[in-house]
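Coordinate analysis (summary)
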Amino acid sequence: MQLKNFLFIVCLLGIVTAIQFDIGQREEKCIYEEIEHDSLVTGDFELMEPILLHPQIIVYNPQKQIIAKKETNQPGKLAFHTDQTGDYHFCFTTKRPQPNLLSDTIQRISFNYKYGIAARDYEDIAKKEHLGPLEREIRKMQDQVLEIHTDILYAKGREEAMRNTNGKTFDR
C-alpha cells in the first residue's frame, strides 16, 4: 500500500500546468501558485491568432516585488529560481489601449508553466554530466525522492504550527 501511495505521489510531480484564457483591453488576469523556495520555475506563453493586443506578463514574488517582466506580441519564455516559499503571481495585463481596435477586443493567451522537478531538463543534465539513459532516470528519481522529502517536512512544519495555534485558541 505504501509503495502504491509513493508511486502516485511521484506521478503527481510530473504534472505540468497549462491554461488558456481571454484578456481584453485594459484588463489584468493573474494566476497564483504556491511554490517552495529554491525551485526552478519555467513558463511558455503564446498569443493565439489573430494577435490583436500586446499583453505584458509580470511575475511577482510573495512580497509583491516584480521578479520578471516581459511585453510581447510573440510567443515567449521565462525562467527564474524562487528565493522564498509563498504565492507567486503570474499576471497578464493589457494596460495600453490599442486606438484602432474596438473596446471589447479580446486576445486568447496560452500559458504553460512548470516548477520543481517538472521544470528540469534531464536531457540537458545528462549531456552535461555524460550520463547514460539509466543513470539519467536514477538521477531523476533521486530528485523526486528529495522533493517528496522536502514536501513532507514542509507539511509537518505547517501541521505543527496549526496545532500550536489551535492549542492557544483552545486555552483562551
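Residues numbered from 1 in each chain as written. Predicted model: local features only at pLDDT ≥ 70, side-chain atom pairs only at ≥ 80, totals over all residues. Heavy atoms only, no water.

The chain appears in an unreviewed UniProt entry as Transmembrane emp24 domain-containing protein from Anaeramoeba flamelloides. Its UniProt record gives the chain a comment under Subcellular location (unreviewed entry), which states: "Membrane". (UniProt positions renumbered as here; feature names shortened; annotations may be inferred.)

1. Structural notes on the sheet that holds strand E2 (residues 28-35)
Here four strands make up an open sheet; going across it, the order is E2-E7-E4-E5 and the pairing antiparallel. On the outer flanks of this sheet lie E2 and strand E5 (66-71), each paired with one strand and no other. On average, each strand axis in the sheet is tilted by 15° relative to the strand beside it, whichever way the strands run. (Pairing = 2+ DSSP bridges. Helix = DSSP H or I, 4+ residues; strand = E, 2+ residues; numbered from the N terminus. Axes fitted to C-alpha atoms, helices over the stretch in contact; angles between N-to-C directions.)

2. Quick notes on the sheet that holds strand E6 (residues 76-81)
In spatial order, the strands read E1-E8-E3-E6; together these four strands make up an open sheet with antiparallel pairing. Edge positions in the open sheet fall to strand E1 (17-24) and E6, since each of these has one partner strand only. Neighbouring strand axes in the sheet, compared pairwise and without regard to direction, differ in orientation by 20° on average. Looking at chain direction, strand E3 (residues 40-47) and strand E8 (residues 106-115) are connected through seven bridges and run antiparallel. For Leu47, the partnering residue across the bridge sits in E8 and is Ile109.

3. Topic: helix H3 (residues 133-171)
Compared with an ideal rise of 1.5 Å per residue, which puts 39 residues at 57 Å, H3 spans 57 Å between its outermost C-alpha atoms and is within 8% of the ideal. Taken together, the buried positions of H3 are occupied by Arg136, Asp143, Gln144, Glu147 and Ile148. (Expected span 1.5 Å × (residues − 1). Buried < 20%, exposed > 50% of the residue type's maximum accessible area, 1.4 Å probe, protein only.)

4. Considering empty space enclosed by the protein
Within the structure shown, the criterion is met by one cavity of 30 Å³ or more. Roughly 30 Å³ of volume is contained in the largest cavity. In terms of lining, the largest cavity is formed by Phe45, Leu47, Pro55, Gln56, Ile57, Thr72, Phe92 and Ile109. Put simply, the parts of the chain that give the lining of the largest cavity at least two residues each are E3 and strand E4 (56-60). Partitioned by chemical class, the residues of the lining of the largest cavity number six nonpolar, two polar and no charged. (1 Å grid on protein atoms, 1.4 Å probe; cavity = no way out; pocket = protein on both sides within 12 Å on 5 of 7 lines; lining within 4 Å. Points joined across faces, edges and corners; volume = space filled by probe spheres on them. Nonpolar A, V, L, I, M, F, W, Y, C, P; charged D, E, K, R; others polar.)

5. Quick word on the state of the cysteines
Evaluation of the coordinates by the stated rule reveals one disulfide. With a sulfur-sulfur separation of 2.1 Å, Cys30 is cross-linked through a disulfide to Cys91. Its S-S torsion of approximately 110° makes the covalent link between Cys30 and Cys91 right-handed. Within this pair, whereas Cys30 is found in strand E2, its partner Cys91 is found in strand E7 (residues 86-93), the two being separated by 61 residues in sequence. Assessed through its relative accessible area of 3%, Cys91 is described here as buried. (Disulfide = S-S within 2.5 Å.)

6. Digging into the environment of Gln25
Here Gln25 is to be found in the loop between E1 and E2. Residue Gln25 is classed as buried on the basis of its relative accessible area of 15%. Once the C-alpha coordinates of Gln25 and Leu53 are considered, the two residues, 28 residues apart in sequence, prove to be 7.4 Å apart.

7. What about the nonpolar core?
General note: in soluble globular proteins, nonpolar side chains tend to be found buried as a group. In terms of nonpolar packing, the biggest core is built from 18 residues, with Phe80, Phe90, Phe92 and Phe111 touching the most fellow members. Those elements that place two or more of their residues in this core are E1, E2, E3, E4, E6, E7 and E8. Sequence-distant contacts of Phe90, defined by excluding residues within four places in its chain, comprise Lys29, Cys30, Ile31, Glu33, Ile35, Val41, Ile58, Val59, Phe80, Phe111 and Tyr113. (Core = buried A, V, L, I, M, F, W, Y, C linked by side-chain atoms within 4.5 Å. Contact = heavy atoms within 4.5 Å.)

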